[in-house]
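Remarks on the overall topology
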Amino acid sequence: MQALPDLPLQPIAGGRYHGRFERGAGRWRFVERQVRINLVGDVSRHLRQAAAQQ
């Protein structure tokens with residue numbers, strides 16, 4: 001999701017996480033994690049303000 005002062009809240013990407021877990025020393029942890037993006041919206045302004053401020 002992304003929103004800017006002159007841009008309403010809108011989805012810019014959607015998808016699923018696929019992961020594999022294992023338990024060791026009494027704790028669960030990710031062994032592998034992938035993000036599979038299925039839908040992409042308008043990303044033309046995504047992160048541009050943050051990059052311009054640096």
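Everything below is about the structure shown above.
My aim in this report is to walk through the structure given alongside it, one point at a time. Quick caveat: nothing in here was measured; it's all calculated off a predicted structure. Numbering of residues starts from 1 in every chain and runs along the sequence as written. In keeping with the predicted nature of the model, local features appear solely for residues at pLDDT of at least 70, side-chain atom pairs appear and are counted solely at 80 or more, and the whole-chain, interface and lining totals rest on all residues. To get the side-chain values, all heavy atoms of the structure are used, and hydrogens and water are removed first.

**Digging into the packing of aromatic side chains**
- Classification of ring pairs rests on two measures: the distance between centres of Phe, Tyr or Trp rings, Trp counted by its six-membered ring, which must be within 6.5 Å, and the angle between planes, read as stacked under 30 degrees, edge-to-face over 60 and tilted in between. Scanning the model with the defined rule gives one aromatic pair in all.
- Whether a charge lies above a ring is judged from NZ of Lys or CZ of Arg, which has to be within 6 Å of the ring centre and within 35 degrees of the ring normal. Above the plane of the ring of Y17 lies R33, whose end atom (NZ or CZ) is 4.2 Å from the centre.

**Details of the pattern of salt bridges**
- We define a salt bridge as a side-chain nitrogen of Lys or Arg found within 4 Å of a carboxyl oxygen belonging to Asp or Glu. For the structure on display, the rule yields three salt bridges.
- Here R45 makes a salt bridge to D6, at a shortest N to O gap of 2.9 Å. Here D6 lies in the loop between strand 1 (2-4) and strand 2 (7-10) and R45 lies in the loop between strand 4 (27-40) and helix 1 (48-53), a separation of 39 residues in the sequence.
- For E22, the salt bridge goes to R29, with nearest N and O atoms at 2.6 Å.
- By relative accessible area, E22 is classed as partly exposed at 35%.
- Using a relative accessible area of 48% as the deciding quantity, one classes R29 as partly exposed. Where helices and strands are cited, they refer to DSSP runs of H or I of at least four residues and of E of at least two residues respectively, numbered from the N terminus. Burial classes: relative accessible area under 20% of the type maximum marks a residue as buried, over 50% as exposed, and values in between as partly exposed (1.4 Å probe, protein chains only).

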